[in-house]
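# Structural description and commentary
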Amino acid sequence: MLAPIGVFDSGIGGLSVLRHICAHLPEENLLYFADSGFAPYGGKPEEVIVARSLGIAAFLLEQGAKALVVACNTATAASIKALRERYPTLAVVGVEPGLKPAAAISKSRKIGVLATERTLASEKFRQLREYTSAATDVQFLSQACKGLADQVEKGELHSPATMALLNQYVTPLLQQGADTLVLGCTHYPFVRPAIESLIKQVSPGPVEIIDTGAAVARQLGRLLNQHGLRRQDAATGTLHAYTTGSQTTLAQAFETLLHLRPEVLAIQSPEGV
Ligand code: DGL
């Protein structure tokens, strides 16, 4: 099927998932929607995020999307239920912090979870955390990283301000003995090198970092197969991008972070949002 897959995030964070989708499903046509004009989502009320997610989903479906990837932990936690209720037959993939893979590898049994305030406060996260804690003997140390997604949006992946935020958020987790860090926001894989340099300075032992981008791409592939939606020919897929923010900023982010040059269109907020 030639119809595209719609992928969205509050901004450029979803590119950390998109890169795995491009690698795993290179034949698929893709649409990427960055809601950068309204980022960050992390401090916004749940109903605002639900309304925006439904509006963006409707827009992507109007463009012909055959499946949807909510490449944002905050939007998934707030709105995946509403999306599935509105589109019961649509193939929808969400993302969530990788607590289970972290629990499977942590030796110290202490795991730091970096995410937005909204994700950590969500019912969905509470259930995931409770379930995983009950099934294992791990302790999760949750850390809301206010301002970090903004730094990534600004392209400040290693600036002194970004390093200061990371030091504030990550160092206490390492000092408490966390040997595994979960990147529970799709913006954070882009500051992974900065986190790794901090770990080297602060932690006496190795620290694993969990990013679920590759697992999400594999799950998307399985879902497309189940729905009979996988593109069958061997051509290379196309990529188009939309943003409610600056066209130039998104184009630059694609170029710098993924070495891709898709056509980028700046658009108004989707109708009804
Ligand atoms: N990229 C988003 C996430 O995965 C959220 C960043 C934000 O807009 O606050 O949670």
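Preceding this paragraph is the structure being described.
Residues numbered from 1 in each chain as written. Predicted model: local features only at pLDDT ≥ 70, side-chain atom pairs only at ≥ 80, totals over all residues. Heavy atoms only, no water.

The residue after A39, namely P40, is reached through a cis peptide bond having omega 0 degrees. Relative to the helices and strands, P40 resides in the loop between β2 (30-34) and α2 (46-62). With a phi angle near 65 degrees, R109 is a residue other than glycine that sits in the positive phi range. With respect to the helices and strands, R109 occurs in the loop between α4 (99-105) and β5 (110-115). The residue H259 is not glycine, and still its phi comes out positive at about 55 degrees. Secondary-structure assignment places H259 in the loop between α11 (247-258) and β10 (263-266). You can call H259 exposed: its relative accessible area is 65%. (Helix = DSSP H or I, 4+ residues; strand = E, 2+ residues; numbered from the N terminus. Buried < 20%, exposed > 50% of the residue type's maximum accessible area, 1.4 Å probe, protein only.)

Residues L15, L18, I21, V69, L166, I195 and F254 are the most contacted members of the largest nonpolar core, which totals 56 residues. Per element, the largest residue contribution to this core is 7 residues, and it comes from helix α8 (residues 160-175). Listed in part, the 24 residues of the second largest apolar core include Y41, I49, L68 and A75. (Core = buried A, V, L, I, M, F, W, Y, C linked by side-chain atoms within 4.5 Å.)

One pass over the full model with this rule turns up 11 salt bridges. Put simply, R109 and D137 hold a salt bridge, and the shortest N to O gap is 2.8 Å. Linking R109 in the loop between α4 and β5 with D137 in the loop between α6 (123-135) and β6 (139-144), this pair joins segments that are 28 residues apart in sequence. Look at D137 and you get exposed, because its relative accessible area is 55%. R261 serves as the salt-bridge partner of E255, at 2.7 Å between the closest nitrogen and oxygen. Here the salt bridges share partners, and the residues they tie into one network are E123, R126 and E130. (Salt bridge = Lys/Arg side-chain N within 4 Å of Asp/Glu carboxyl O.)

Take the pairing of strand β7 (residues 180-183) next. The side chains of a regular strand alternate between the sheet's two faces. Judged by which residues are buried, β7 turns out to be covered on both faces: T180 and V182 on one side and L181 and L183 on the other are all buried. Sheet analysis places β5 next to β7, joined by 4 bridges and oriented parallel. Paired with I111 across the strands is T180, a residue of β7. Of the pairings in the sheet, the one linking β7 to strand β8 (residues 208-210) comprises 3 bridges and is parallel in character. When the bridges of β8 are listed, L181 appears paired with I209. The parallel pair β7 and β8, bridged by helix α9 (residues 192-202), forms a crossover whose chirality is right-handed. (Pairing = 2+ DSSP bridges. Right-handed = clockwise from strand over helix to strand, strands pointing away.)

On to the site of the ligand. Near the ligand you find 13 residues, and of these S10, Y41, N73, T74 and H187 are the closest. For the ligand, an oxygen atom lies 2.8 Å from a polar atom in the backbone of G42. Taking T74, its side chain carries an N or O atom lying 2.6 Å from an oxygen atom of the ligand. Notes on the ligand: free accessible area 300 Å², of which the protein chains cover 99%. Here the shell around the ligand is composed, by residue class, of 5 nonpolar, 7 polar and 1 charged. (Near = heavy atom within 4 Å. Polar contact = N/O pair within 3.5 Å; in protein donor to acceptor, adjacent residues only side chain to side chain. Areas by Shrake-Rupley, 256 points an atom, 1.4 Å probe, with all protein chains shown as cover. Nonpolar A, V, L, I, M, F, W, Y, C, P; charged D, E, K, R; others polar.)

This part is about the packing of α2 against helix α3 (residues 73-86). Two quantities define a packed helix pair, namely the angle between the helix axes and the distance between the axes. The interhelical angle for the contact between α2 and α3, taken along N-to-C directions, is 55 degrees, at an axis separation of 9 Å. Taken together, the axis directions place α2 and α3 in an arrangement best described as oblique. Between α2 and α3 the crossing geometry is right-handed. Residues E46, I49, V50, S53, L54 and A57 of α2 lie in contact with α3, whose contacting residues are T74, A75, A78, S79, A82, L83 and R86. Taken together, the residues of the contact of α2 with α3 break down into 8 nonpolar, 3 polar and 2 charged. (Axes fitted to C-alpha atoms, helices over the stretch in contact; angles between N-to-C directions. Parallel < 35°, antiparallel > 145°, perpendicular 65-115°, else oblique. Left-handed = near helix turned anticlockwise from the far one by under 90°. Contact = heavy atoms within 4.5 Å.)

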